[in-house]
Amino acid sequence: MITIAIDGHSSCGKSTMAKDLAREIGYIYIDSGAMYRCCTLFCIEQGLINADGSVQADELERRMSEIHVSFQLNPETGRPDAYLNGRNVEQRIRTMEVSSHVSPVAALPFVRAAMTAQQQEMGRDGGIVMDGRDIGTAVFPNAELKIFVTASDEIRAQRRYDELIAKGEDADFNEVLANLRERDRIDSTRAVAPLRQAPDALVLDNSHMTIPEQKQWLIEQYHKLAD
Ligand code: DC
């Protein structure tokens, strides 16, 4: 069993691709972004985000051991839901509120160290598909298959907007686009494990691809390596 790392910009459909692939080949799927989102929800709920959006980093660092993230398969959706300290937070971590605070939290070195250690432990035996920003560069630099996914800003914002509307959230397209650009900027320029393409990653620009086309492409890449 191999290790598959899928990195890329926000809202480019990484998690849909990664989940579908994992289900198809019987691998475990881990959404590393959900782990950073859980840390962010913890900060929001514990009042560790200041009015100006900055994070009370010293306090969060002291309390990192109180954050336990896990995943459990939801039998209704067939997909894993994220749990924060035993509570299902799958819906809560996808809100705009969490999206707008997650990048500064994910940029903190002690947050990354804690999440990276957990991710490496989850993937110790291979047989895993993990998606995120630094999976092929920092978490599993020796992954056998690395994919870097991207698509144009507008197309990514439209996809995220449609997702929020479908969930009944009150979303504004321009706000979604601005949030996505800002997250990409912070994620790509942070000092620790920034979003970047691993030199040995295969690039997939899915701006004009359908979900079945992407799935097909990804399964082909997997079979080239694993057969
Ligand atoms: O994939 P996502 O949009 O759910 O990720 C949420 C945030 O978490 C994203 O803005 C950047 C951060 N993240 C990260 O820094 N490293 C990862 N491996 C995954 C996500």
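Data block above holds the structure.
About the criteria used
Residues numbered from 1 in each chain as written. Predicted model: local features only at pLDDT ≥ 70, side-chain atom pairs only at ≥ 80, totals over all residues. Heavy atoms only, no water. Pairing = 2+ DSSP bridges. Helix = DSSP H or I, 4+ residues; strand = E, 2+ residues; numbered from the N terminus. Axes fitted to C-alpha atoms, helices over the stretch in contact; angles between N-to-C directions. Contact = heavy atoms within 4.5 Å. Near = heavy atom within 4 Å. Polar contact = N/O pair within 3.5 Å; in protein donor to acceptor, adjacent residues only side chain to side chain. Nonpolar A, V, L, I, M, F, W, Y, C, P; charged D, E, K, R; others polar. Core = buried A, V, L, I, M, F, W, Y, C linked by side-chain atoms within 4.5 Å. Buried < 20%, exposed > 50% of the residue type's maximum accessible area, 1.4 Å probe, protein only.

Novice: Whenever I open this one, the sheet that holds strand 2 (residues 28-31) confuses me. Can you help?
Specialist: As a general point, the strands of a sheet are linked pairwise by backbone hydrogen bonds and lie either parallel or antiparallel. Taken in spatial order, the 5 strands line up as 2-6-1-7-8 in an open sheet, and their pairing is parallel. In this open sheet, the two strands that pair with only one neighbour each are strand 2 and strand 8 (202-205). For this sheet, the mean inter-axis angle between neighbouring strands, taken without regard to orientation, is 20 degrees. The pairing of strand 1 (residues 3-8) with strand 7 (residues 145-150) spans 5 bridges and is parallel. Paired with Asp7 across the strands is Phe148, a residue of strand 7. Strand contacts of helix 2 (residues 32-45): strand 2 and strand 6 (128-132), with the helix running at about 40 degrees to strand 2, the strand carrying the most contacts. Helix-sheet contacts for helix 9 (residues 211-226) involve strand 1, strand 7 and strand 8, and the interaxial angle to strand 7 is about 160 degrees.

Novice: Please clarify how the site of the ligand should be interpreted in this entry.
Specialist: Arg37, Arg112, Asp134, Arg183 and Arg190 are the nearest of the 15 residues found near the ligand. At 2.9 Å, a side-chain N or O of Arg183 approaches an oxygen atom of the ligand. Every element with two or more residues in the shell around the ligand is listed here: helix 2, helix 4 (96-106) and helix 8 (173-189). Ranked by residues supplied to the shell around the ligand, first place goes to helix 2 with 4 residues. Its residues assigned to classes, the shell around the ligand shows 4 nonpolar, 4 polar and 7 charged.

Novice: I keep staring at the nonpolar core and nothing clicks. Help me out?
Specialist: Most often, soluble globular proteins keep nonpolar side chains buried together rather than apart. Grouped together as the largest cluster of nonpolar side chains are 36 residues, with contacts concentrated most on Leu60, Met64, Ile67, Val105 and Val111. Within the residue set of this core, elements represented by two or more residues are helix 2, strand 3 (69-74), strand 4 (79-84), helix 4, helix 5 (109-122), strand 6 and helix 6 (135-139). With 8 residues, helix 2 is the largest single contributor of residues to this core. If near-sequence neighbours (up to four positions away) are discounted, Ile67 is found in contact with Cys39, Phe42, Leu60, Leu84, Asn85 and Gln118.

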